[in-house]
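The lines below spell out each chain.
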Amino acid sequence: MRNNFAPATAAAAIALITLVSGCSSKPAAAPEAKEAKTESPMNPKVTKQDYGKTADGQPVDLYTLTNVNGMKAQITTWGGIVVSIDTPDRDGKMGDVLHGFDSLDGFLGDHPHFGALIGRYGNRIGKAKFDLGGKTYQLAVNNGENHLHGGTKGFDLKVWKGAPLAGPDASVELKYTSADGEENYPGTLQTKVVYTLTADNALEIHYTATTDKTTHVNLTNHMYFNLSGEPDILAHEVQINASKMTPVDKGLIPTGDITDVKDTPFDFTRPTAIGARINDTKDQQIAFGGGYDHNWVLDRTGPVMFLAARVHDPKSGRVMEVSTMEPGLQFYTGNFLDGKIKGKGGKSYGKRSAFCMETQHYPDSPNKPKFPSTVLEPGQTYHTATSYRFSTDKR
């Protein structure tokens with residue numbers, strides 16, 4: 001079904017998710033941090049402002065990236081959170097397409113990782129443990145009997161060091177050093193994430209990491225999207241370039257099998273409304289997830305940028321294309337949102353009011369040897385990237 005997808009843009013043709021030996025040539029990476037030049041309006045620019053302080057007094061910054069089209073993305077050093085993405089609808093009206101909060105206070109409170117960087121391991125690890133190098137590592141149990149999104153204080157709850165980057169596009173670099181033993185993961189992990197807002201309205205995310213001990217790494221971002229502003233996202237039309245998925249047990253841990261999506265509610269090889277089959281609880285996988293909260297095995301063929309998914313909102317005309325070289329895509333439809341969280345403008349975020357497309361290695365890969373490996377060795381460089389490109393259906 002790959003014919004149904006348009007080619008990825010040239011700007012998105014970047015190297016991703018490679019583990020490169022320290023003696024090998026490095027993949028194309030974002031530029032090193034330099035002082036950004038002041039740009040005139042409607043030129044790409046990065047502005048920085050104080051965003052407040054954490055409970056223990058750490059200062060937090062907010063960076064606003066603006067591209068040549070006037071599109072904007074805001075990034076905070078608290079958790080590397082993408083606070084907002086303002087992009088036009090088919091009539092040219094700008095609108096924010098992300099769940100989140102109006103101030104830092106909301107992001108400091110309890111919320112389901114809105115817009116945040118996730119690490120060291122995005123998604124779930126079964127029984128909250130893994131064996132590595134002859135040793136068992138017991139992790140935080142924070143999702144039933146399992147480990148989720150890096151633990152009780154993952155990368156989403158850290159203050160990152162930010163700096164604007166000089167270059168043709170608006171970019172900001174975030175750095176964080178995760179100490180050996182943090183959340184009981186082995187090795188000191190030096191992590192860098194670069195957000196870039198391109199001239200073709202794509203928010204690109206480059207992730208880089210090195211370690212001094214053998215460890216597991218699986219970084220992603222947890223943005224919650226709603227392209228229409230409506231109370232739910234059930235009318236959004238989704239296409240995923242994946243003919244297989246990883247079924248899960250009741251705890252949403254992969255069984256280790258890889259199954260075909262054909263003739264199931266998980267077949268998004270053609271554009272299909274999210275709500276068309278989401279309540280088909282006769283399907284065991286839908287019942288387990290309360291909707292979609294599963295990993296799709298992308299039909300990629302090699303180490304090149306790959307158009308993984310396309311989402312179209314018929315009301316606004318907005319289109320979002322997700323490109324990556326990660327082998328998996330976690331498509332989540334906000335099944336656990338319950339309306340208790342008051343977000344931007346005081347709006348209640350109810351069930352299925354947003355969706356996530358988290359590019360990743362498969363959940364529980366540390367315990368599934370047949371899955372693509374997430375092991376990072378000393379002397380190797382972890383590098384991956386994902387692009388979220390916005391356009392409209394206006395002809």
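Residues numbered from 1 in each chain as written. Predicted model: local features only at pLDDT ≥ 70, side-chain atom pairs only at ≥ 80, totals over all residues. Heavy atoms only, no water.

**Structural notes on the overall build of the chain**
Thinking step 1. In terms of regular secondary structure, the chain is built from 2 helices and 28 strands.
Thinking step 2. Going through the 395 residues of the chain one by one, you find that 56% of them count as buried.
Thinking step 3. Counting contacts in the chain only where the partners sit at least 6 residues apart, residues at least 24 apart contribute 67% of the total.
Thinking step 4. As displayed, the chain offers around 16100 Å² of accessible surface, 50% of which is attributable to carbon and sulfur atoms. (Helix = DSSP H or I, 4+ residues; strand = E, 2+ residues; numbered from the N terminus. Buried < 20%, exposed > 50% of the residue type's maximum accessible area, 1.4 Å probe, protein only. Contact = heavy atoms within 4.5 Å. Areas by Shrake-Rupley, 256 points an atom, 1.4 Å probe, with all protein chains shown as cover.)

**Digging into the packing of aromatic side chains**
Thinking step 1. Using the criterion set out here, one finds 24 aromatic pairs in the structure.
Thinking step 2. Aromatic pair Phe 268 and Phe 331: ring centres 5.8 Å apart, planes at 85°, arrangement edge-to-face. Residue Phe 268 is located in the loop between strand S20 (259–260) and strand S21 (272–273), and its partner Phe 331 is located in strand S25 (residues 328–332); the two are separated by 63 residues in the primary sequence.
Thinking step 3. On the accessibility criterion, Phe 331 (0% relative accessible area) is buried.
Thinking step 4. Taking 6.5 Å as the distance between ring centres and 70° as the angle between the ring planes, the aromatic pair formed by Phe 331 and Phe 355 counts as edge-to-face. Of the two residues, Phe 331 is situated in strand S25 and Phe 355 in the loop between S25 and strand S26 (356–360); the sequence distance between them amounts to 24 residues.
Thinking step 5. Among the aromatic side chains, those forming a connected cluster through ring pairs are Phe 225, Phe 266, Phe 268, Tyr 292, Trp 296, Phe 331, Phe 355, Tyr 388 and Phe 390.
Thinking step 6. One Lys or Arg, Arg 277, reaches over the ring of Phe 268 and ends 5.0 Å from the middle of that ring. (Phe/Tyr/Trp six-rings, centres within 6.5 Å; stacked < 30°, edge-to-face > 60°. Lys NZ or Arg CZ within 6 Å of the ring centre and 35° of its normal.)

**Remarks on the side chain of Asp 293**
Thinking step 1. With respect to the helices and strands, the residue Asp 293 is situated in strand S22 (residues 293–297).
Thinking step 2. A polar contact of 3.0 Å, which involves the side chain of Asp 293, links it to the side chain of Gln 330.
Thinking step 3. Not counting the four nearest positions on each side in its chain, Asp 293 is found in contact with Arg 124, Leu 252, Gln 330, Phe 331, Tyr 332, Asn 335 and Phe 336. (Polar contact = N/O pair within 3.5 Å; in protein donor to acceptor, adjacent residues only side chain to side chain.)

**Things to note about the environment of Asn 123**
Thinking step 1. Secondary-structure assignment places Asn 123 in the loop between strand S7 (117–118) and strand S8 (124–125).
Thinking step 2. Through-space distance from the C-alpha of Asn 123 to that of Ser 365 is 10.0 Å; in sequence the pair is 242 residues apart.
Thinking step 3. Excluding its chain neighbours within four sequence positions, the residues that come into contact with Asn 123 are His 147, Leu 148, His 149, Gln 330, Gln 360 and Pro 363.
Thinking step 4. Polar side-chain contacts of Asn 123 include one of 2.9 Å to the side chain of Gln 330.

**What to know about unusual backbone geometry**
Thinking step 1. Here the bond from Gly 119 into Arg 120 is cis, since omega is 5°, no more than 30 degrees from zero.
Thinking step 2. Counting through the fold element by element, Arg 120 comes out in the loop between S7 and S8.
Thinking step 3. Look at Asn 123: it is not a glycine, yet its phi comes out positive at around 80°.
Thinking step 4. The phi torsion at Leu 252 lies on the positive side, around 65°, for a residue other than glycine.
Thinking step 5. Looking at where Leu 252 falls in the secondary structure, it is placed in the loop between strand S19 (244–246) and S20.

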